[in-house]
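Each chain is listed here by its residues.
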Amino acid sequence: MEIKVTPELVAQHGLTPEEYERIKEILGREPNFTELGIFSVMWSEHCSYKSSLPWLKSLPREGENLLAKAGEENAGAVEIGDGWVVVFKMESHNHPSAVEPYQGAATGVGGIMRDIFAMGARPIASLNSLRFGNLESPQTRYLFDGVVRGIADYGNCFGVPNVGGEVYFEDTYQENPLVNVMALGVAKRGYLASALAKGPGNPVFIVGSSTGRDGIHGATFASEELNEKSQARRPSVQIGDPFMEKLLLEACLEAIRGGHIVGIQDMGAAGITCSTSEMAAKGGCGMKIDLDKVPRREEGMIPYELMLSESQERMLLVVERGYEEEVKAIFKKWELNCEVIGQVVEEGWLKVREGGEVVASIPPHSLVVGEGAPVYKRKEKKPKYLDRVGKRLKGRFPPPADFNQALLKLLSSPTISSKEWVYRQYDTMVRTNTLLPPGSDAAVIRIKKLNKGLALTADGNGRYCYLDPRMGGRIAVAEAARNLICSGAKPLAVTDCLNFGNPEDPEVFWTFARCVEGIGEACRAMQTPVTGGNVSFYNQSPQGSVYPTPVIGMVGLIDDLDKVTTQWFKEKGDLILLLGENRGELGGSEYLRVIYGMVGGGCPVLDLDYELRVQALCRWGIAQGLVKSAHDLSEGGLAIALAEACLASPEGRVGAWVDSLDGPDEVSSLFGESQSRIIVTVEDEGWKRLKEKGDNSGVKVRVIGKVGGDKLKIGNLVDLDLGRLEDEYRFSLVRIMEGRS
Amino acid sequence: MRFGVITFPGSNCDHDCYWALRKVLSQEVEFIWHKEEDVQGYDCLILPGGFSYGDYLRTGAIAKFSPVMRGVKEFVHRGGLVLGICNGFQILQEAGLLPGVMLQNESLRFICDYVYLRVENEKTPFTCGCKKGEVLKIPIAHNAGNFFVEKETLEKLKGENRIILRYCDKEGRISRASNPNGAMDNIAAVINEGGNVLGMMPHPERAIESILGSTDGRKIFESIMRSRDEKG
């Protein structure tokens, strides 16, 4: 029995009356139930980018060696030499992870991996950027544990190392955690695949898993606020099967290398609907699909369910006519479904049949982002809260009662302390390319056939963006670049994941727009174009919106593997230099939050020109072979950076004695988070040359201390045994998550 | 020397073994698809790590039915050398070629980390390049590496000197603290009665180049190469 389309049903599908009128105009009639479902997912915020698109277009998307631009393909692609291409992208899986952390996070990994191998690239690394609420809450521990297990189990089984990332804990993410996953793959240029359908008569295949009822309306779920009813959305969360994905990977790469795949696209959000309509629209053609041919795992599925299912581990392939058997043989070898479900047609309609009847007939371009899908210019209004917290703190800050205690407290806070508990659960080494696993400024992997390295990082401080969205956006990009520079790399390009609240709220949208401006400014300055990514709105619960949280994934190239640089101190007697200077900023710092429970006072100011000069100096020092370690200053400021450099070495800890501070007061010089600062260690010769170079380029370079001993001493303020520091730094998270023992 | 690396559906360290043997140690090496039954013409077969059949049901429980395992058994019977690494070790246990089972890690979590291993018996084709008591630094990466056998078998393994590697600390001391996964008696590697099938949980193929953090894994492969040379 056909379900009748009523205004209530239209509203339940998240479509506005105006959008419904447009659908009628496009079709020249009322849509049926299946068509309503198709429009609703394709026009959902998640698939259509209807609120964000005008702003995303303002980001720099042009650059040297860029092969696929943002939005054009499943992921961005950059050539790195000798015909080798890196393909990478970041995506969010926030809402699914909020209601079902294990599967939500696992399928987040699965989805982003498919985006990479749908491009013909073999995935070789992944990273993740996670945000949770307060770890004292059992709910947070449950979410954190589930998300980490989900990422671990999927990635480990799939066989791609998880090489880095970041985890923050802030109350704002209590009800709505953020789970952003980034993946990177490599391919030879000639084997890159495209997500398009062309050539009338070419068969359309569905390959991989069978289709079930899981994940129906996942994209719509991702496009609404979380509330007390969200738990009922658990059936909207897909179930992952990493083993199936591993087989799908091998089979797809084998098929692509065979040379007869016209186009290929992952079935993620909106499943068959999205892949068929996007591929057809891109190729400027149509497609006819016969749902009777779709392999199913459940009986009695109706067309609506088949079209909207988000069952994982499936791909849509368009194959050159005449090579059907060749392709089938490959999938048979890997024991995977491989069924022809339709054909490319000239006429620009997507026609879906079941039992011989047409159940949906829609022009594909009317569905897709950047073409027929709606675009809105959302209202903006500067949020009121900024009057309270956005004003920058000025003047000298009173010292804490005890600097030692303050440092230990910061070091043991979940956001700062070592994430070893997390990454010991990830296979960080499989594929034997990992030169720098998690625990330094950036991860570094090598490309075996090219003998070059890639540095990878994911960065974003939501608190800064909350306090000053534009500056926060800038800082996210600058810090990512600084992390790559400290590891010996030249930054290449960016993928971003923009996590915000409800875009229909003008105050939320104002923060979004300012963040994007900041990101754009910094990306232009760093010459790192944005190759793609993902926008996640509606990260909002009855308690309000999460902090505006853009996460920047950045990839850098290391031409000479001898120049890979780590954050930790190396040898007794080495001089510790500070590049850059303390501007006496405490606003937005981890210190204020952890010691005083205060979020406010603006955020540090980033001067892009100065930042570039600091980065250039550090990069020069590394290239000259002068720099033995480099570590960027971020959350927790100089004191935390020094502690990390003392503790992070896999060879064992080493002490430091620092006797020269800068800036207006002691508190900001230890714990302030002024930007554009890096600590490096050098020998005498390095000090002279870096100083000279710094003087010439207008970057302050000072010796602040020496490496050695078994303590961290900072002036007469901090005097702590490394054993004590290490205990707080390394084991705090373990103690919270595994219980005190 | 000619190595064969067996790829099961879900193997994910097959390429790493291939790289280690071919590119780093300059040996002849071929992939063997799990559907092949004929594994003649090789000097040593490697069952690599990974998640064969997703580790669904039980680690190695489905892979033991792969056609290639018939060939592996015959190969073992004729005295050929077989090395099972991680999931490969679990498959060999399921196939009855090595004793014991792997329980879930005591922590009930996946563990990826470097560990230290003490060579308990250097008179095997897999350790003949090591010294007795030598400490090797090689990573582990598994969910289920908690080696378990019944008491009588454990006594037998000890009596026959078939425990080859044990988890230890940097100085070679064996203790509870140096046991990453709860394995009985800190056992990381055992050998079969015939002395030609070794199962080890740590990944020697990941410790083959100094740029990756350790080269101790080479000693396992170089021992195999050396034992072949000595045999002529």
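All figures in this text were calculated on a predicted structure; none of them were measured in a lab.

**Details of empty space enclosed by the protein**
All names here are of chain B.
- What the rule picks out here adds up to four cavities of 30 Å³ or more.
- Considered as a void within the structure, the largest cavity measures approximately 100 Å³ in volume.
- Around the largest cavity, the lining comprises 17 residues; the ones closest to its centre are Gly50, Phe51, Cys86, Ala141 and His142.
- Classifying every residue of the lining of the largest cavity by side-chain character gives six nonpolar, eight polar and three charged.

**Observations regarding a positive patch on the surface**
- Together, Lys188, Arg257 and Lys449 of chain A together with Lys23 of chain B give the surface a local cluster of positive charge.
- Locating lysine 188 of chain A in the fold gives a position in strand β6 (residues 178-188).

**As for the packing of aromatic side chains**
Residue and element names in this part refer to chain A.
- The full count for this structure, using the stated rule, is 23 aromatic pairs over all chains.
- Seen in terms of ring centroids, phenylalanine 33 and tyrosine 304 are 4.0 Å apart; in terms of plane orientation they differ by 0°. Their pairing is stacked. With phenylalanine 33 in helix α3 (residues 33-42) and tyrosine 304 in helix α12 (residues 303-308), this residue pair connects regions lying 271 residues apart in the sequence.
- We classify phenylalanine 33 as buried; its relative accessible area is 10%.
- Its relative accessible area of 8% is what places tyrosine 304 among the buried residues.
- Note on phenylalanine 39 and tryptophan 43: the rings are 5.1 Å apart at their centroids and 75° apart in plane angle, and the pair reads as edge-to-face.
- Residue class for phenylalanine 39 comes out buried when judged on its relative accessible area of 0%.

**A word on the domain arrangement of chain A**
All names here are of chain A.
- The domains assigned to chain A are domain 1 (1-50 + 195-375), domain 2 (62-192 + 418-561) and domain 3 (565-741).
- Of note, the centres of domain 1 and domain 2, computed from C-alpha atoms alone, are 26 Å apart.
- Residue-level contacts link 39 residues of domain 1 with 40 residues of domain 2.
- Carbon and sulfur atoms supply 58% of the area that domain 1 and domain 2 bury against each other, a total of about 3,400 Å² over both sides.
- Together, Glu225, Leu226 and Glu245 form the three largest contributors to the area buried by domain 1 at its contact with domain 2, with a combined 18%.

**Structural notes on the sheet that holds strand β26 (residues 701-707) of chain A**
Residue and element names in this part refer to chain A.
- Taking strand neighbours across the sheet as the criterion, the seven strands line up as β23-β25-β22-β26-β24-β27-β28 in an open arrangement whose pairing is mixed. Taken across any chain shown, the strands that pair with only one partner, and hence form the sheet edges, are β23 (629-632) and β28 (718-721). Adjacent strand axes in the sheet meet at a mean angle of 20°, parallel and antiparallel pairs treated alike.
- Across three bridges, strand β24 (residues 656-658) lies against strand β27 (residues 711-714) in parallel orientation. Bridge pairing links valine 658 to isoleucine 714 in β27.
- Where helix α18 (residues 469-486) meets the sheet, it contacts β23 and β25 (678-682), and its direction lies at approximately 170° from that of β23.

**Some remarks on the environment of lysine 449 of chain A**
Residue and element names in this part refer to chain A.
- Its location among the elements puts lysine 449 in the loop between β15 (443-447) and β16 (452-459).
- Look at lysine 449 and you get exposed, because its relative accessible area is 70%.
- Between the alpha carbons of lysine 449 and tryptophan 84 there is a distance of 9.2 Å; along the sequence they are 365 residues apart.

The rules behind the values
- Residues numbered from 1 in each chain as written.
- Chains lettered and ligands numbered in written order.
- Predicted model: local features only at pLDDT ≥ 70, side-chain atom pairs only at ≥ 80, totals over all residues.
- Heavy atoms only, no water.
- 1 Å grid on protein atoms, 1.4 Å probe; cavity = no way out; pocket = protein on both sides within 12 Å on 5 of 7 lines; lining within 4 Å.
- Points joined across faces, edges and corners; volume = space filled by probe spheres on them.
- Nonpolar A, V, L, I, M, F, W, Y, C, P; charged D, E, K, R; others polar.
- Patch = residues over 30% accessible without salt bridge, like charges linked within 9 Å, V, L, I, M, F, W, Y side chains within 5 Å.
- Areas by Shrake-Rupley, 256 points an atom, 1.4 Å probe, with all protein chains shown as cover.
- Salt bridge = Lys/Arg side-chain N within 4 Å of Asp/Glu carboxyl O.
- Lys, Arg positive; Asp, Glu negative; His and termini not counted.
- Charge placed at Lys NZ, Arg CZ, Asp CG, Glu CD.
- Helix = DSSP H or I, 4+ residues; strand = E, 2+ residues; numbered from the N terminus.
- Phe/Tyr/Trp six-rings, centres within 6.5 Å; stacked < 30°, edge-to-face > 60°.
- Buried < 20%, exposed > 50% of the residue type's maximum accessible area, 1.4 Å probe, protein only.
- Domains from an automatic or database assignment.
- Contact = heavy atoms within 4.5 Å.
- Buried area = accessible area lost by both parts, 1.4 Å probe.
- Pairing = 2+ DSSP bridges.
- Axes fitted to C-alpha atoms, helices over the stretch in contact; angles between N-to-C directions.

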